[in-house]
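So the chains spell out like this:
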Amino acid sequence: MPHTQQHQVGSRGRRPHLLLHPILLLPLFSLLLSHAPQLSQGAIHIPSNYQINEFKKPPVITTQPESITVFGAEDILLTCEASGNPPPDFRWTKDGEEFIPANDPGLSVSPGSGTFMKTGVVSGPISQYKGKYSCYAENALGTAVSNEVQLITENTPALQKEQKVKKKVEEGESVVLKCNPPFSTVPPVIHWMDERMHHIELNDRVTQGRDGNLYFSHVTVDDTRIDYTCNAQYLSARTILSKEPITMTVTTSNSVVRSRRPQMMRPSGSHSTYHALRGQSLELECIVQGLPTPTVQWVRKDGQLSESRTSRHLFDRLLRISNISDSDGGEYQCSVNNSQGKVTHTYTVSVEAAPYWTKEPVSQLYAPGETVRLDCQADGIPSPAVAWSINGKPITGIDPTPRRTVRDGALILRDVVFTDTAVYQCQAHNKHGTILVNTYIFVIELPPQILNADGQKYNFTEGQKAVLQCQTFGSPRPKVTWERNSSASLLAEPRVNLLTNGNLQITNVSHGDEGLYTCSVSNTNLSINADLDVLNRTVILSPPGSLLVQPGKTAIFTCLAQVDPKLTPPHIQWKRSGQELFQSYAEDKYTFEGPDLIVANVQTEDEGVYTCEVITNLDRVEASGSIIIVGMEISIVLFFIFEDGDSKERGWEELKRVSGTHESVTISLQPYVSYRFRVISINNIGKSDPSMPSDLHSTPPQAPDNNPENVRSESTDPDTLVITWEVRLVKSNKDMRVFNGPEFHYKVFWKRVAGDTTWYSNVSTEPPYIVTEVGKFSAFQIKVQAANQKGEGPELDPVTGYSGEDFPLKAPQNVAMVLLNSSAIRVTWEPVNEKTVRGHLLGYKVTCTMSMFNSRPKEEKRVLGGLRPYSHYTLTVTVFNSKGEGPPSETLSFETDEGAPGPPMSLRLDSHAGTEMTLHWTPPAQPNGVLKGYLLQYQIVKSDSPMQVETIDDHKVTHLTLKQLDPHSRYRFYLRGRTSAGDGEPITREGATTLDGGRVMDMQTGFATQGWFIGLVSAIVLLLLVLLILCFIKRGKGGKYSVKDKEEGQVDSEARPMKDETFGEYSDNEEKRTASQPSLCDESKLCISDDNLDGYNNGSIAVTEVTMEDSLVSQYSRPSEATPDPGTLQDSSPLNPNTTTNGLPNSAAILD
């Protein structure tokens, strides 16, 4: 481990004088925050305005070397650049052994970097440089390692002596002209050309293969030539080789050229296998012979070809798949056709993957004592192995320490110290390659600074939330205190809060809060002043009101406000129904005159709510009024009433409203219905008495004019089609159906979408109509037509419905999880094939331990929040349709990061002396991590005394004695647990010491100890006593009852006759009660017998589930003397829980 400098200048306020040295901004801080993944716990994030005079930085590789193939010494160039402070030194290894380029006279190294190249004469063969190279950049803070690269050496390709090739073929035959270029690890680019260096024309008959050969599906006389030349271009070697020209002579046959059926030329046979790597490209060839020239078509046998990532080349003889993914694995087929026949070739493609990162560790700064977690996760096919190194040395070869653990690819360091500063390498490897990432841990102390300027002035209006800024930074985090006019701490005031960033927040600010405030950093001489000025809030003195306006008149709203003279002149913004109004000069509709809004020529469309908003530079207030149109016109309202066949009235309904000048009106009525009518008149004052009803009017029947609405399938059984619809009702009377005539019924039609497409039909009088034995989740076209004695309803278009669904077959694949923070994760998965859903895909259900939540059908990821920090969870994903869920995915297990703890479970106060107090507590029920200790704050109640702080660094301590307390004062205590994630929620108690050495009882502060609450409870108790006395007096006057009456009182009320005229009145036959039969249980629901309890469970009442954590259940659950029969309880009843939480949260919130 290299020596690590400890930056302790001015740390913890012990050396503030060093801050007076010349300073300069640190521009490289932005580089430290350039990564976006989740940060480790306790990481330091340096603000851009923090200033420091000197800062060291571990090495970071900025330019990686790359693998190369060289054909001569002049091609040798391996780059390696790195940054750091101090500037790093560089070294190389070759095949695992140290390699010093500077010692080779033929090589030179660039100053200030690790890059070396050939500059001189190389002695010996070039093959001496062949090997695998790694670059190391190191300074005092650590060593960074580059990717391992390979340098391949080859001789420049050259042609061997060849014999000239002459081919003589008959017209119509297939021919292959071979190129056979010299081998190179960098394949050449092939060009077929003639002696004039013109390219041989390629088409669907003449094709160049990936092997460089020239393929003729069949030759013609025009193909005769003596200069078919193959040119091989080696780009890396900067060489072009021209092969010997090939002569091809095509002779004509005396007979007619015979057509030939297609045959495969490349690849041969009917099947071939290909292996592809994720992210690369794959090319499939289909070069064929035949006469006439065959056509080629590509299909994917087990799915659809991707339109965005597949392309066809060389006249469909080549299919290229770009950016290969796992979903591209499967079977592809080229189908070749001509007039003589057809041939196919199948390509089986399997996809594997070199390692790739799914989660990379992040370089960060840390304060001593923090816990660091470096997450390193990689994926690939096959799955890669992950290994850690420190400064380039494998962690397995470094002395172990209990503070350092590796778990599931994550490196965890607890209680970091300065010597933990280093560059850590995470490497993932499988048979397809290796990837490496460097990340550094820099343990550092930075002197505290106040980042806000001194003497700032803050203006707020009364009632606002004032924030005085005092943002600080340092490592460890500086402790900030605020004072006002050199007085004690302000935190005793409940309206005043010290924010975590050092700012002071005052809610509901008032004039009494004005003055000079001082922010100081503890244990330093750093401080700034802030001046707070509180202005009068803006008040609307004359708000707009509700105006009754006749059409054509003018409405005037007034909005007069009082504004503090120190504020800017107010701006009044008028709105109508939430939309801003602007002065209309052309139409003169809206006019703004000072505080007034003038609305001219008011019409019906001007009705609405008008709002004035008074806006200043510090606050805004608003008030609203309205415009209501009024008039003296008289309206006539026509009412009607339905009657059924028994002439039973169903209630009067309003039918139409017309102007008072009308004496008649034409209305539309429902066929096959009896009506009566009456009329009333109405004006602004009110309504008149109704007229006498008209005679009964019955409309004649007619065929239905409409069909049922919302025709649909509601199938649940896999072999059943349930067709249902909405019964049409009279709009003005929801109790009457629309029949339009006698013998009303429905004609139900259905047919399959695929297969047997015959329409089937039947008749029904009520929905639904059920068709059986139709298969699982089959698509049908359905329609329902209304009909009666007069005919049928109009023709209608069918809708699509489905028979009952079945459970999904497959589980989602590639389920993955990413920790977002200590209480939230992101879950991702690949969608299932819709054919396996066997129903409508409603979504995916994510089950985390005992909690579940659903996603939408097209979603492939979801954020799950509300998890408990530092806890173990299991997670599965299922797909579901209307029938239910499919099988779950493979179970994922994960652990959440540490979080701030919950409050201690108890806090008890003991006092045995007038100036001492002993506090006893129990640890938090939810530590949410590794408990590091406690923070105790206390101060005198209702005073301006400063808040006292005691830090307890031992988590095993459960009591503390405070001395030198004021025996005449009452104290309030706040106790919090502490983890690496921060301070938790406090438990609060109040208490005072005892002068006689007795024991003090601690009290919880709350409304139960307030005087108003005690008085309210006393009044309620007194009122209850008075009511009880009145009840006893009333019962004493009730007289005596005979034995016969007593027996009759026990008879069930349902067994006694009841007369209609006496319903609801008192009767001597009603149940009577005696002194031995109190009425409390009979007249209220406070007493429930066992029989009644069964009724509740088996009835239709709502049962609310109350779910508790296991820890709470274990504390409050006790075995009962009489265990109820489980068969009488509903599954969802709280008396019969069927799930457990395993001590983990049983619910989680979904985050978008």
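Above this text sits the structure in question.
Residues numbered from 1 in each chain as written. Predicted model: local features only at pLDDT ≥ 70, side-chain atom pairs only at ≥ 80, totals over all residues. Heavy atoms only, no water.

**Student:** For the pairing of strand 64 (residues 709–713), give the residues involved together with the corresponding values.
**Tutor:** In the case of a regular strand, side chains alternate between the two sheet surfaces. Where strand 64 and strand 65 (residues 720–726) come together, 3 bridges link them in antiparallel fashion. Paired with Ser713 across the strands is Ile723, a residue of strand 65. Hairpin geometry of strand 64 and strand 65 is characterised by an intervening segment of 6 residues between the two adjacent antiparallel strands. (Pairing = 2+ DSSP bridges. Helix = DSSP H or I, 4+ residues; strand = E, 2+ residues; numbered from the N terminus.)

**Student:** Account for the pattern of salt bridges, naming residues and giving values.
**Tutor:** For the coordinates displayed, the defined rule picks out 36 salt bridges. For Arg91, the salt bridge identified is with Glu138, shortest N-O distance 3.6 Å. With Arg91 in strand 8 (residues 89–94) and Glu138 in strand 12 (residues 131–139), this pair connects stretches of sequence that are 47 residues apart. According to the relative accessible area criterion, Arg91 is partly exposed, its value standing at 32%. Taking the shortest distance from any N to any O, the salt bridge between Arg225 and Asp227 comes out at 2.8 Å. A residue is classified by how much of its surface remains accessible, and Arg225, at 28% relative accessible area, is partly exposed. Among the ionic contacts, a cluster of salt bridges with common partners joins Lys359, Arg373, Asp375 and Asp897. (Salt bridge = Lys/Arg side-chain N within 4 Å of Asp/Glu carboxyl O. Buried < 20%, exposed > 50% of the residue type's maximum accessible area, 1.4 Å probe, protein only.)

**Student:** Summarise the sheet that holds strand 47 (residues 504–506); cite the residues concerned and give the values.
**Tutor:** Each strand in a sheet pairs with another by means of backbone hydrogen bonds, the pair being arranged parallel or else antiparallel. Taken in spatial order, the 3 strands make up an open sheet running 43-47-46, and their pairing is antiparallel. The two strands at the open ends of the sheet, each matched to only one other strand, are strand 43 (466–468) and strand 46 (496–498). Neighbour-to-neighbour, the strand axes of this sheet turn through a mean angle of 20 degrees, independent of strand direction. Pairing of strand 46 with strand 47, which is carried by 3 bridges, proceeds in the antiparallel orientation. Within the sheet, the bridge partner assigned to Val496 lies in strand 47 and is Ile506. (Axes fitted to C-alpha atoms, helices over the stretch in contact; angles between N-to-C directions.)

**Student:** Please provide a residue-by-residue account of the packing of aromatic side chains, values included.
**Tutor:** Both the distance between ring centres and the angle between the ring planes are used here to describe each pair of aromatic rings. Applying the stated criterion across every chain, the model contains 24 aromatic pairs. Judged by centre distance (5.6 Å) and plane angle (15 degrees), the rings of Tyr873 and Phe894 are stacked. You can see Tyr873 sitting in strand 79 (residues 872–880) and its partner Phe894 sitting in strand 80 (residues 892–895), a full 21 residues away along the chain. Considered together, Tyr873 and Phe894 belong to a single accessibility category, that of buried residues. It is Lys845 that lies over the ring of Phe880; its NZ or CZ is 5.6 Å from the centre. (Phe/Tyr/Trp six-rings, centres within 6.5 Å; stacked < 30°, edge-to-face > 60°. Lys NZ or Arg CZ within 6 Å of the ring centre and 35° of its normal.)

**Student:** An account of the state of the cysteines is requested, with residue identities and associated values reported.
**Tutor:** As enumerated under the stated definition, the model contains 6 disulfides in all. Cys80 shares a disulfide with Cys135; S-S distance 2.0 Å. An S-S torsion of about -80 degrees defines the bridge between Cys80 and Cys135 as left-handed. Of this pair, Cys80 sits in the loop between strand 6 (77–78) and strand 7 (81–85) while Cys135 sits in strand 12, and the two are 55 residues apart along the sequence. (Disulfide = S-S within 2.5 Å.)

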